[in-house]
Number of protein chains: 2
Amino acid sequence: MTLVDDPIHSERTRDALTAAHLYYMQDLTMDAIAQELHTSRSSISRLLSHARASGLVDIQIRSPLDAPSLLEKEIQNRFQVSAHVVPVPDGASDVDRLERVGLSVARILGQYFDSNMTMGIAWGSTMSAISRYVTPKQTHNSQIVQLNGAGNMRTTGIAYASEILRRFGDAYGAHVQQFPVPAFFDDPATKQALWRERSVSRLLEIQGRMDVALFGLGSPFSEVPSHVYAGGYLEPADYDSLSRSGVVGDVATVFFRADGQADGIPLNDRSSGPEFSVLRRTPRRICVVSGSSKVKSLRGALAAELITDLYLDEGTARGLLSAD
Amino acid sequence: MTLVDDPIHSERTRDALTAAHLYYMQDLTMDAIAQELHTSRSSISRLLSHARASGLVDIQIRSPLDAPSLLEKEIQNRFQVSAHVVPVPDGASDVDRLERVGLSVARILGQYFDSNMTMGIAWGSTMSAISRYVTPKQTHNSQIVQLNGAGNMRTTGIAYASEILRRFGDAYGAHVQQFPVPAFFDDPATKQALWRERSVSRLLEIQGRMDVALFGLGSPFSEVPSHVYAGGYLEPADYDSLSRSGVVGDVATVFFRADGQADGIPLNDRSSGPEFSVLRRTPRRICVVSGSSKVKSLRGALAAELITDLYLDEGTARGLLSAD
DNA sequence: GCACTCCTTGCACGTTTGTTCATTTGGAAT
DNA sequence: ATTCCAAATGAACAAACGTGCAAGGAGTGC
């Protein structure tokens, strides 16, 4: 739970490091390592698990640049984003897909984040899944900033959102910047007022300077509604309004139409999420999508140029490319 | 043997990539992967081995900056080099040590070498060991350049040295620049003349601009003489000369004394290796040492400031730090 | 000092993985 | 078409590995 290793842990870390060397660099068996370190093989097994889980051992997969799958190449060509298809068995359930994609992204995320960087984080079921698996990586002077508020009529949302944030913060040893506001204001004027508060504008400035943004997609009118659409954030009147405006999805509770436009959608004036112009200023914008019901939403987000790096499961990738 | 993947291999590579994803990112068992890919588990096992061996899967060990061992910290403080101690069982034989250190260095070497870079390579038993294990990494427009000639009275040395070079070149997809000259000239004047040849001076220029140099250490008057001292490169008279000059070791067949000085050692005028000034101009200079008999030589090389990154086994590290 | 909890250890078991071997497959040469 | 060879495959076995469990220790509170 501490951000740096206790002195108590450092011996364990030292051991884990040697064990990892012997195992992964010199291909010794755990048995042999156990003898060298004068302990049992089981302990070494556990030590190595620890080394992997704590990011001491870092396993990466580097596709030679000419090897991306057809799907990935095609998406890259058509939408100018760097696409990464997560292989998922055809028969997998939607939750299964989400977990798998979340796990994969969690393992890879460290490549995008380093010392002295700021990462913006949304919330939602996708983000929650990722957060549950993030592999630690030691960074300095870095921060995680919440992109949009999570409060609603029933709760402040702080517990939920901050749990997600905390997991990222812990894993990277980063400072966490919470955004304790409702997801949607009742009155746009309140938002305007609050946005002028120094405490809030400080946060907005941090958002404006972030190096990486990580978010999932919302998809309002699909069979499996996303967190925002089921969690008591919106009222029936809001739904009607979204429907009338032709909204196909959202990123961090900012809505957009099929062509990627976000103008003239009344709800956006009350949303706590970052304007797309802010997002587009961010160098890396990683979008994670799982479940083909989000294809329409994804098309919109791509049209809006919100995405630089896209992670999706195989089915969704196919859905994205298929006509219609 | 080809530098780029045949189209024929690319399907295999594609499969290896998916398998690696499923195995290392999603923690599936090989059995599960076999079912998804409609093949036997054995094939997946082989596929994953291939993925590791061919550098598709890259396993790194990243010590948190506060975790280097006492030995490493101490070496860093005393000699201003980044030290990496390779753990080796106390009872290990000298060959065993060499293999282990070689394997470890081979696995991490990729971290130092990338596209558009030039790496200078020496030869000798240490380099040979490393070369036998280098893990592939795809690079573009990079080259490997031989640091010193390998010819002697009996052979041109080309077969031996070029085998080492070739292994590095193959692994990195790099262009190999051979240096087909004797290790030592009989007559300094011949060297001078040859050095003015355009074919040779072209190579010397490449050496002068290299980004990384990788070398072992020679150690003349120790129980276990290095390759240079046993391979018929030197005559008895040369030994006497070295002894009289107070030589303690060599880097790429350039000799130095305990204080790191290389001046006034007659043999150096006839050596094909790079002057130390050339070496010192190279940003990264990786030295690999195994076996405590090389401690004296190592002290000299450190005094000469030939090293920026040092890899050695535990025993040698201890020997280096112990007084005397 | 005693009881309590929490964490670590090594054993034993079942699972997962590497490897050998006999067999098949897909080409190339004849 | 036939033969040949090399590479790839899956079954079967042996080795290596992960994990539940009970025992042992270290620390804490009473």
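Residues numbered from 1 in each chain as written. Chains lettered and ligands numbered in written order. Predicted model: local features only at pLDDT ≥ 70, side-chain atom pairs only at ≥ 80, totals over all residues. Heavy atoms only, no water.

### Section: the overall build of chain A
What chain A contains, in helices and strands, is 14 helices and 10 strands. Here the C-alpha radius of gyration of chain A, 21 Å, is about what a compact globule of 324 residues would show, namely 20 Å. Overall, the C-alpha framework of chain A stretches about 70 × 45 × 30 Å when taken along its three principal axes. Residue burial in chain A is summarised as follows: out of 324 residues, 55% are buried. Taking the intrachain contacts of chain A between residues at least 6 apart in sequence as the baseline, contacts between residues at least 24 apart amount to 72%. Only carbon and sulfur atoms are counted for the fraction: they give 50% of the accessible area of chain A, which is about 14500 Å². Taking the average location of the 32 positive side-chain charges in chain A and that of its 37 negative ones, the two points are 1 Å from each other. (Helix = DSSP H or I, 4+ residues; strand = E, 2+ residues; numbered from the N terminus. Rg over C-alpha atoms; globule rule 2.2 N^0.38 Å. Buried < 20%, exposed > 50% of the residue type's maximum accessible area, 1.4 Å probe, protein only. Contact = heavy atoms within 4.5 Å. Areas by Shrake-Rupley, 256 points an atom, 1.4 Å probe, with all protein chains shown as cover. Lys, Arg positive; Asp, Glu negative; His and termini not counted. Charge placed at Lys NZ, Arg CZ, Asp CG, Glu CD.)

### Observations concerning the interface of chain B and chain A
Contact residues are listed per partner, giving 37 residues for chain B and 38 residues for chain A. Overall, the association of chain B and chain A removes approximately 3600 Å² of surface from exposure, summing both partners, and the carbon and sulfur fraction of that is 60%. Between the two partners, chain B and chain A, sit six salt bridges. With a closest N to O distance of 3.6 Å, Glu36(B) and Arg100(A) form a salt bridge. Viewed at the interface, chain A and chain B are joined by 19 residue pairs in polar contact (both at pLDDT 80 or more). Within the residue set of the side of chain B that touches chain A, elements represented by two or more residues are α1 (7-25), β1 (57-61) and α5 (94-108) of chain B. Classifying every residue of the side of chain B that touches chain A gives 20 nonpolar, 10 polar and seven charged. The sheet contact formed by strand β1 (residues 57-61) of chain A and β1(B) spans five bridges and is antiparallel. Following the sheet pairing, Gln60(A) is matched in β1(B) by Asp58(B). (Buried area = accessible area lost by both parts, 1.4 Å probe. Salt bridge = Lys/Arg side-chain N within 4 Å of Asp/Glu carboxyl O. Polar contact = N/O pair within 3.5 Å; in protein donor to acceptor, adjacent residues only side chain to side chain. Nonpolar A, V, L, I, M, F, W, Y, C, P; charged D, E, K, R; others polar. Pairing = 2+ DSSP bridges.)

### What to know about the relation of the copies chain B and chain A
The two copies are related by a screw operation: chain B maps onto chain A through 180 degrees of rotation and 0.0 Å of translation along the axis, at an RMSD of 0.1 Å. Between the two chains, the operation in question is that of a two-fold axis. When C-alpha distances to the rotation axis are compared across chain B, the minimum falls at Ile59(B), with a value of 2.2 Å. Take the interface residues of chain B: 100% of them recur as interface residues in chain A, which is what a same-surface contact looks like. (Least-squares fit on C-alpha atoms with pLDDT ≥ 70 in both.)

### Things to note about the sheet that holds strand β10 (residues 309-313) of chain B
Residues and elements named next belong to chain B. Within the open sheet, the seven strands sit side by side as β2-β10-β9-β6-β3-β4-β5. Their pairing is parallel. The open sheet is flanked by β2 (82-86) and β5 (175-177), the only strands paired with a single partner. Within this sheet the neighbouring strands show an average axis-to-axis angle of 20 degrees, counted without direction. Pairing between strand β3 (residues 118-121) and strand β6 (residues 212-215): three bridges, direction parallel. Looking at β6, one finds that Met-119 is bridged to Val-212. Strand contacts of helix α9 (residues 198-208): β3, β4 (143-146) and β5, with the helix running at about 115 degrees to β4, the strand carrying the most contacts. Helix α14 (residues 314-321) contacts β2, β9 (284-289) and β10 of the sheet and is inclined by roughly 110 degrees relative to β10. (Axes fitted to C-alpha atoms, helices over the stretch in contact; angles between N-to-C directions.)

### Some words on the side chain of Ser271(A)
Secondary-structure assignment places Ser271(A) in the loop between β8 (254-257) and α12 (276-281). Apart from the residues within four sequence positions on either side, Ser271(A) is in contact with Ala183(A), Phe184(A), Lys191(A), Ala252(A), Thr253(A) and Val254(A).

### Digging into the domain arrangement of chain A
Residues and elements named next belong to chain A. Here the domain parsing of chain A yields domain 1 (2-58) and domain 2 (68-322). Between the C-alpha centres of domain 1 and domain 2 there is a distance of 36 Å. At the interface, six residues of domain 1 touch six residues of domain 2. The contact between domain 1 and domain 2 buries some 370 Å² in all, and 54% of this surface belongs to carbon and sulfur atoms. Between the two partners, domain 1 and domain 2, sit zero salt bridges. Where domain 1 touches domain 2, the interface holds zero residue pairs in polar contact (both at pLDDT 80 or more). (Domains from an automatic or database assignment.)

### Some remarks on the environment of Gly273(A)
Residues and elements named next belong to chain A. Along the chain, Gly-273 falls in the loop between β8 and α12. Exposure remark for Gly-273: the relative accessible area of 9% places this residue in the buried category. For the pair Gly-273 and Gly-149, spaced 124 residues apart in the sequence, the C-alpha separation amounts to 7.0 Å. Those residues in contact with Gly-273 that lie beyond four places of it in its chain are Leu-147, Asn-148, Ala-252, Thr-253 and Val-254.

### Concerning unusual backbone geometry
Keep in mind that most residues, glycine aside, have a negative phi and that most peptide bonds are trans. Residue and element names in this part refer to chain B. Positive phi is not limited to glycine here, since Ala-252 has a value of about 50 degrees. Among the secondary structure elements, Ala-252 is positioned in the loop between β7 (247-251) and β8 (254-257). Positioned with a positive phi, Glu-305 is a non-glycine residue whose angle comes to about 55 degrees.

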